[in-house]
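Here's the letter readout for the chains.
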Amino acid sequence: MKKIFVINGGQKFGHSGGKFNKTITETTVDFFENQPGFEVKYTDINEEYDPAEEVQKYVWADVVIYHTPIWWFQVPHGLKKYIDVVFTEGHANGIYKSDGRTAENPTINYGTGGMLHGRQYMVTTSWNAPKEAFTLPNEFFMETSVDDGPLFGFHRMNAFTGMTPLQSLHFHDVMKNADIQHNLNTYIDHLTKNFIIAQTQEHEHLLNCNN
């Protein structure tokens, strides 16, 4: 059984109702609960949580899936607080043991003290910005992708724990030109490609290696 831990990082704040990421999260949970060979746990950061239990979800999982809006080019404060609290709880307790350096040679190996090696993570983000803001010359993000730009620190954070990334998916222009059904269809295709087809191909590869 492949173990999937899903985190809804959307929240109600200001003019945001958190509905888009809640819908994406529910779609993720439904997808895996209706596929053989998967177990699912999930957390909504808007609800009360026990940091120690959240650490154990990270330790339990084979894959962590984050769903988050981007506010002011960062993850929102509720998700950031969740990460700060849970990762601190996980120090030397399942998430990371140190920054990886030694007193004998403190200038190298920073970021190698994670305890979640062998796990993977995936992130979806939702944006008011259209995708062209990242791809067209002279537009706001100067032809820098979401993953290499606003999410660079987020990806290094997960690398610090030892996790490796699966392909991200970013939903653009969801405030002024939302097409939720199209987004959901795109997302289901993304999950199918990265989990169902990929797992089938991995299984076939193992069978061929054993022949």
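No experiment lies behind these values; they were computed from the predicted model shown.

**Let's talk about unusual backbone geometry**
Phi at Phe73 is positive, roughly 70°, even though this residue is not glycine. Inspection of the secondary structure puts Phe73 in the loop between strand 3 (63–69) and helix 3 (77–89). One non-glycine residue, Glu143, adopts positive backbone phi at about 60°. Overall, Glu143 belongs to the exposed group, its relative accessible area being 51%.

**Brief notes about the pattern of salt bridges**
Summed over all chains, the structure comprises 4 salt bridges. A salt bridge links Glu26 to Lys22, with the shortest nitrogen-to-oxygen separation between them at 3.5 Å. With a gap of 4 residues between them, Glu26 and Lys22 both fall in helix 1 (residues 19–33), about one helical turn apart. Given a relative accessible area of 40%, Glu26 falls into the partly exposed group.

**Quick word on the packing of aromatic side chains**
Under the definition given, this model contains 20 aromatic pairs. Centroid distance Phe32 to Phe38: 5.0 Å. Interplanar angle 55°. Geometry classified as tilted. Taken as a pair, Phe32 and Phe38 share a single burial class, namely buried. Consider the rings of Tyr49 and Tyr82, whose centres lie 5.0 Å apart with planes at 75°: the pair is edge-to-face. With a gap of 33 residues between them, Tyr49 in the loop between strand 2 (38–44) and helix 2 (51–60) and Tyr82 in helix 3 connect regions that are remote in the sequence. Residue Tyr82 is classed as buried on the basis of its relative accessible area, which comes to 0%. Ring pairs connect the aromatic residues Trp72, Phe73, Trp127, Phe134, Phe140 and Phe141, which therefore count as one cluster. Above the plane of the ring of Trp60 lies Lys41, whose end atom (NZ or CZ) is 4.5 Å from the centre.

What counts and what doesn't
- Residues numbered from 1 in each chain as written.
- Predicted model: local features only at pLDDT ≥ 70, side-chain atom pairs only at ≥ 80, totals over all residues.
- Heavy atoms only, no water.
- Helix = DSSP H or I, 4+ residues; strand = E, 2+ residues; numbered from the N terminus.
- Buried < 20%, exposed > 50% of the residue type's maximum accessible area, 1.4 Å probe, protein only.
- Salt bridge = Lys/Arg side-chain N within 4 Å of Asp/Glu carboxyl O.
- Phe/Tyr/Trp six-rings, centres within 6.5 Å; stacked < 30°, edge-to-face > 60°.
- Lys NZ or Arg CZ within 6 Å of the ring centre and 35° of its normal.

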